[in-house]
2 protein chains.
Amino acid sequence: MVTRSGRTQQARQVRQAARKDPPHLTPELIHSTALAMVDADGIEGLSMRKLAAALGVNPMSLYHHVPNKAALLLGISQLAVADLRITPADDDTPWPEQLRQIGHSFRALAHQHSNLIVYLLGHPGFIQREGPLWGALCHTLWRAGLPDAEVGRIGNVLLTFVSGFVLAEINGSLGDLLDSADAAEIDRSFEAGVDILVAGLGARGASPAN
Amino acid sequence: MVTRSGRTQQARQVRQAARKDPPHLTPELIHSTALAMVDADGIEGLSMRKLAAALGVNPMSLYHHVPNKAALLLGISQLAVADLRITPADDDTPWPEQLRQIGHSFRALAHQHSNLIVYLLGHPGFIQREGPLWGALCHTLWRAGLPDAEVGRIGNVLLTFVSGFVLAEINGSLGDLLDSADAAEIDRSFEAGVDILVAGLGARGASPAN
DNA sequence: ACCTGAACACCGTTCAAGT
DNA sequence: ACCTGAACACCGTTCAAGT
């Protein structure tokens, strides 16, 4: 909801900026505009000066609302993960299927803000303990029957594993290694990866039932 | 051997630079000095101007031996992977053990040039088909009895999976998610991850024998 | 052939001055 | 309180001029 109003506000005020009508600067407006720039032109395409220009404002005005560029990047990453609505764990479905769904949700989010994700995975603090993704993952692993001590450890491993796949997929490494940049083949590879993880978990002591 | 002579040459000539004795510029000297800078200060710590200063030379002189910074980064990444000596596959050891060894070799390499790895994984073209790592990996998967069509696909998946783990480990994400930044716990996590992959491969049709 | 100084088009950020 | 212009310390890169 906060995000939603922020977006419509942005649209209005960016229009104002276009007609040289100085907008009310707001951290939220700054962050959402910056995120739009990163989505469009990549992380390299974002600079304080270009952002100010897009907002129709003096570059230095930004520093009254955002302490520095690092804080700006942190802000837009929080805005991006706020877009993530993980499908709440439906405990009627067996855990392997739950795990697959979480994997696909994560991959879908990454594709949504692919330019940002490449940056985030290269820097610490992206995957937070508090996020809905982490909670859903741990819940599913616990439901699979993993001992408590293993839930956190295995959760981390799974998260970093699929992060690596998604990163390689987005930056093109995966396409380079496969003969073709065939999207279907990449999907098949991801499916194979998830299969291996689920099967490996089963072999590790997870209960095969629900 | 080429690398070796380059390193000693570097040492001598960097010493010359320190006493303002202009060295003979060489692509090799430039690359190895740049790699040393990245290893020491991170990718942000490398600039054409600082590199020139370290070499005791005018910044513009570099452009007679290296077309631009992108080419420089490509050069130092090739230099880094040249350091990787993957233990040649000993076909007496069973494939799960072979796979574990490859995983540990890759992780060790990443730790050796951790600052560079963070950059490389974020950009395409790092993991090449030609590298010894890829060859060893495919050989092992083939020996495990995977159908030919699956070897490449699964090889990619495994490589991106452990890349993701190593990346999170190096940039500190992994330590943040675990309660402690305990090194032993991270090692245990990696072992758990490799276990899951090996078990998953077994379940997928790999022969349990050698 | 190799090196260099000046210059250009960019950065992030500080600070004193304006309203 | 908010905005701004000038300035500082950096970038990568081009180009004409030196040897």
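Remember, it's a predicted structure, so these values are computed and weren't measured experimentally. (Residues numbered from 1 in each chain as written. Chains lettered and ligands numbered in written order. Predicted model: local features only at pLDDT ≥ 70, side-chain atom pairs only at ≥ 80, totals over all residues. Heavy atoms only, no water.)

**Some words on the side chain of T93 of chain A**
With respect to the secondary-structure elements, T93 of chain A resides in the loop between α4 (69–82) and α5 (95–112). Side-chain polar atoms of T93 of chain A contact the backbone oxygen of D90 of chain A, separated by 2.8 Å. (Helix = DSSP H or I, 4+ residues; strand = E, 2+ residues; numbered from the N terminus. Polar contact = N/O pair within 3.5 Å; in protein donor to acceptor, adjacent residues only side chain to side chain.)

**Thoughts on the protein's contact with DNA strand D**
Near DNA strand D lie 15 residues; those nearest to it are S61, H64 and H65 of chain A together with R49 and M60 of chain B. Within 4 Å of the protein, the contacting atoms of DNA strand D are drawn from sugar and phosphate to the extent of 46%. Between DNA strand D and the protein, one listed contact pairs a phosphate oxygen with a side-chain N or O atom of N58 of chain A at 3.0 Å. The contact in question runs from a base nitrogen of DNA strand D to an N or O atom on the side chain of H64 of chain A, over 3.1 Å. Tallying contributions element by element places helix α3 (residues 48–55) of chain B first for the surface near DNA strand D, with three residues. Of the residues in the surface near DNA strand D, the class split is five nonpolar, six polar and four charged. (Near = heavy atom within 4 Å. Nonpolar A, V, L, I, M, F, W, Y, C, P; charged D, E, K, R; others polar.)

**Comments concerning the interface of chain A and chain B**
Across the contact, 41 residues belong to chain A and 41 residues belong to chain B. Summing both partners gives a buried area of about 3500 Å² for chain A against chain B, and 65% of it is carried by carbon and sulfur. Summed over the three residues of chain A that lose the most area to chain B, namely F161, L177 and I196 of chain A, the buried surface amounts to 21% of that side. Put simply, chain A and chain B have four salt bridges between them. In this structure, R204 of chain A engages D195 of chain B in a salt bridge whose closest nitrogen and oxygen atoms are separated by 3.7 Å. Where chain A packs against chain B, one counts four residue pairs in polar contact (both at pLDDT 80 or more). Among the secondary structure elements, those contributing two or more residues to the side of chain A that touches chain B are α6 (114–121), α8 (148–171), α9 (173–177) and α10 (183–203) of chain A. (Contact = heavy atoms within 4.5 Å. Buried area = accessible area lost by both parts, 1.4 Å probe. Salt bridge = Lys/Arg side-chain N within 4 Å of Asp/Glu carboxyl O.)

**Re the protein's contact with DNA strand C**
Taken together, 15 residues lie near DNA strand C, and R49 and M60 of chain A together with S61, H64 and H65 of chain B sit nearest. A share of 44% is what sugar and phosphate atoms reach among the atoms of DNA strand C within 4 Å of the protein. In this structure, a phosphate oxygen belonging to DNA strand C sits 3.3 Å away from a side-chain N or O atom of S47 of chain A. If you tally residues by element for the surface near DNA strand C, the top one is helix α3 (residues 48–54) of chain A, at three residues. Each residue belonging to the surface near DNA strand C can be placed in one class, and the counts come to five nonpolar, six polar and four charged.

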